[in-house]
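Examining the three-dimensional arrangement
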Amino acid sequence: MATLTVADLAARLGGVCEGDATPIIRGVAGIRDAQPGEVAFVANLRYAADVATTRASAVIVATAWDRPSQAALIRVENPDAAFAQAALMFAPPPVERIPGVHPTAVVAPDAVLGADVTIGPQVVVEPGARIGDRSVLTAQVYVGHDVSIGADCLLYPHVSIRERCRVGDRVILHNGTVIGSDGFGYTVDDKGVRTKIPQIGIVVIGDDAELGANVTVDRARFGKTVIGNGVKVDNLVQIAHNVVIGDHAVLVAQVGVAGSSTIGPHVVLAGQVGVSGHLEIGAGAIVGAQSGISKSVAPGAMMFGTPAIPMDRAKRIHAYMMRLPDMKDQLADLLRRVAEIETRMPPKA
Amino acid sequence: MATLTVADLAARLGGVCEGDATPIIRGVAGIRDAQPGEVAFVANLRYAADVATTRASAVIVATAWDRPSQAALIRVENPDAAFAQAALMFAPPPVERIPGVHPTAVVAPDAVLGADVTIGPQVVVEPGARIGDRSVLTAQVYVGHDVSIGADCLLYPHVSIRERCRVGDRVILHNGTVIGSDGFGYTVDDKGVRTKIPQIGIVVIGDDAELGANVTVDRARFGKTVIGNGVKVDNLVQIAHNVVIGDHAVLVAQVGVAGSSTIGPHVVLAGQVGVSGHLEIGAGAIVGAQSGISKSVAPGAMMFGTPAIPMDRAKRIHAYMMRLPDMKDQLADLLRRVAEIETRMPPKA
Amino acid sequence: MATLTVADLAARLGGVCEGDATPIIRGVAGIRDAQPGEVAFVANLRYAADVATTRASAVIVATAWDRPSQAALIRVENPDAAFAQAALMFAPPPVERIPGVHPTAVVAPDAVLGADVTIGPQVVVEPGARIGDRSVLTAQVYVGHDVSIGADCLLYPHVSIRERCRVGDRVILHNGTVIGSDGFGYTVDDKGVRTKIPQIGIVVIGDDAELGANVTVDRARFGKTVIGNGVKVDNLVQIAHNVVIGDHAVLVAQVGVAGSSTIGPHVVLAGQVGVSGHLEIGAGAIVGAQSGISKSVAPGAMMFGTPAIPMDRAKRIHAYMMRLPDMKDQLADLLRRVAEIETRMPPKA
């Protein structure tokens, strides 16, 4: 953990310092919680007013910042990125991983382990599995038969990967996440009794993907369920069989994507969104929280609601809904006035 | 893995072949991804156009199929079921389970294991538990005190079953699923402080049920939470204490059912549906995705929305909502016209 | 397990007995399932009619109860609490925990274990961790580096707590729950490629908190994610980085709270509610099931809908929505009548 002055920190971040540059900085904190000796940042204008009252010794702000500040300012182009950099300087040392196989791990004799792999306590690696160089299976992880995991991966405790699934390089899987469980597929007879359709496909995860905790990704009925390169999946997300998630897409917590849907590259699905089966969400589309997608979505579209419609239209419709009581009153008023007019009209010829 | 011609395959599926019956089939694939040497199928008309362009050597279709095809056709009564059968012919061999107790498993001396049971690495079986013939506990499974599991069950890694719960025959529990966690029940004092109500009941799961990954089923406050025979539960579903799920019901991913509700037999709850507590969903009812059920539902009803109303009414109301801007315009127009008429009416007598 | 008469039970519960006080009571059951020899209760009027037909030997009711009963009545002030007390009297003995470290557990030599701690089979306790007196880690639990757990805690199988997180006294964590997974935070470059922002903070859980099964609580980006004292969290809930949950708040199943939001003390979020990031939900507010909170909420407010509005207004708006077809008809009728009037008006001067 570093110890440096506000001036030192500004220099390291490539920023311009303003105000008292002499205090020693010992850590980072949120703008509201920060204490003397800590650096905070403001990227979100929600917190702008807090800069005037913060106890932080310095605040990282955008170059054009023009609000009053209690603390020294460090002006940078991207406060968010600069703060991330600062946070890392003061971070406690990361957990040390010592390569090797823990004596309580059960690793099949024919599993292939790359250089400097770490297999922690009570990990199970089944026959035919391959683990790439420097990958870390922390503890209590399950790696199924013939699974392939790339290099520099990090699997947290209680991750499960079922047979034959393939994971790329630099993938992070958080605790309790399940890769390759059976897809939800049955035939139904005329008495409504279901028979399982074998789910013989796999899951393929690209490079640099990160999946949160307790996520579930089902294996394909046949062929593969795909998580592209650089995809980021938050906690408790459900990805059904034969879904394809395009490169660099983002699925926020508790999203569910039903079978055989394709999520284009760079799509963002906000929290708790549901996507029905057999749909295509075009590249770069954005779907607002809790929306339900029941039709395919064009590339770049912004959607909201259940069933989802274009965001601006959804907002307009919502505004009208809020005015429904007024409309009802106007309607009642009109009905009364028109009836009155009718009584005063001369009888029809 | 079999190797056979289109003609052979048609014969095995009891179908009628049309077109070039000579190519060797080596596997199955989706209609869009299929390559020469693979067989695809079309049950969903969404993919009908793909039959004209597929590279598959054969496509399994319904008897009455009348669209153009690039590939040989195999006509069958139920393409979905026939394809499932074909997929199985070409499936990689399933993971082999070798009966016996892995040396790293911790099995209580008084636990009763049936014939040919497989207890994999790092499984824990607590005192008083009983495991039926041929059941497989793959790895890292937890079976609590006095739990009873039937014959021919398959429990994937990181499944937990807490004390005294009972599981029927031929049940499949996917990774990370929790059976018998405490129900969410508290008394509240006048300061808003909650005290835990002991949850002393159990969970009972019928025969042929399948529960997906990371599902949670709470034990009853007293008595039992019930999952009926043949029930299929998808990933990340929550089933609260004292809920009863009728035989052959289907709960799609991320559904939540609150305490003491009864879901009738053959009910289908689509993805992300929520059901409030103490309700009854009648047999065979169907609830659309993301709906919120706040009142009991009649048998056979189709419901949608939050709060849910009959599906056809929900669709009608939704159509009117989409026309709200027009209604508002018509209303404004009427107000103007009526005011104009009023100025031209003779004064009241 | 006790055996006592209806009269004995009434006395133990401080209640007044009415009807046949002589039957032996052997257990508790729901009002509809109860058999002779069992005691049931009614707190919820939904079940009032069942008291007339129950087969229970006794029913616990409120002092003012005035409906017909088939069974003996035990009148008490709080039937719910009294029944909880009765249920406990007849509960099977709880699972016995024998303090000590199971030989298959992997406990770092420098971990500090309090008095009478139970470390079950295949638990992993990493270096620097501290476990308070009498706490129980049942089986297959993971406790990360430098984690601190208080006294009298109960951690069920497959719980994971990542490095440096802190858990108070008397905390219960159900199966599969993850504490301290990385927050979902990335910087994005101009090609839409995301880079992970280190999540170097922790999670702090207060005393007497209980978290259900397969819950996920992310560690703070920096600083801490906080779960207050006495907080009750149901299954499959997602709590993002830097969230603060106030004392005695209740989060029902499948709720999701996005990053940096503050949930005030005594707030109740019903099932499947979503809360956007950077919001404040005031103390004692109540949010109805499946609602989506997109703005901060005042203390004590009752909210409903997506986006959520005050509950009574949401109900009114919903009632108007249900009447939209009528409004549309009235509007069409008015348009016709006004057009008719216009044709009969004398031409404008």
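If you're wondering where the values come from, they're calculated on a predicted model, not measured in any experiment.

**Details of the pairing of strand E27 (residues 224-227) of chain B**
Residues and elements named next belong to chain B.
- Taking every second residue as pointing to the same face, the buried face of E27 carries Thr-225 and Ile-227, while none of Lys-224 and Val-226 on the other face is buried.
- In this structure, strand E24 (residues 202-205) lies alongside E27, joined through four bridges in parallel fashion. Among the inter-strand pairings, Ile-202 is bridged to a residue of E27, identified as Lys-224.
- The sheet contact formed by E27 and strand E30 (residues 244-245) spans two bridges and is parallel. Note that in E30 the partner of Val-226 across the bridge is Val-244.

**A look at the pattern of salt bridges**
- Applying the stated criterion to the full structure yields 45 salt bridges over all chains.
- Close ionic contact of Glu-210 of chain C with Lys-196 of chain B constitutes a salt bridge, the shortest N to O distance being 2.7 Å. Pair noted here: Glu-210 of chain C is in strand E25 (residues 210-211) and Lys-196 of chain B is in strand E23 (residues 194-196), and the two residues belong to different chains.
- Note that Glu-342 of chain C is salt-bridged to Arg-337 of chain B, the shortest N-O span being 2.7 Å. Highlighted residues: Glu-342 of chain C in helix H4 (residues 324-344) and Arg-337 of chain B in helix H4 (residues 324-344), drawn from two different chains.
- In this structure Arg-337 of chain B comes out as buried when scored by relative accessible area, which is 16%.
- Because the salt bridges share partners, they merge into one network encompassing Arg-162, Glu-163, Asp-182 and Lys-196 of chain A together with Glu-210 of chain B.

**Overview of the sheet that holds strand E2 (residues 16-18) of chain C**
Residue and element names in this part refer to chain C.
- On the basis of which strands lie adjacent, the open sheet formed by five strands has the order E2-E7-E6-E5-E4 and mixed pairing. On the outer flanks of this sheet lie E2 and strand E4 (27-28), each paired with one strand and no other.
- Where E2 and strand E7 (residues 72-76) come together, three bridges link them in antiparallel fashion. Following the sheet pairing, Val-16 is matched in E7 by Arg-75.
- Contacting E4, strand E5 (38-41), strand E6 (58-62) and E7, helix H2 (residues 79-90) runs over the sheet at an angle of about 150 degrees to E6.

Rules of the game
- Residues numbered from 1 in each chain as written.
- Chains lettered and ligands numbered in written order.
- Predicted model: local features only at pLDDT ≥ 70, side-chain atom pairs only at ≥ 80, totals over all residues.
- Heavy atoms only, no water.
- Buried < 20%, exposed > 50% of the residue type's maximum accessible area, 1.4 Å probe, protein only.
- Helix = DSSP H or I, 4+ residues; strand = E, 2+ residues; numbered from the N terminus.
- Pairing = 2+ DSSP bridges.
- Salt bridge = Lys/Arg side-chain N within 4 Å of Asp/Glu carboxyl O.
- Contact = heavy atoms within 4.5 Å.
- Axes fitted to C-alpha atoms, helices over the stretch in contact; angles between N-to-C directions.

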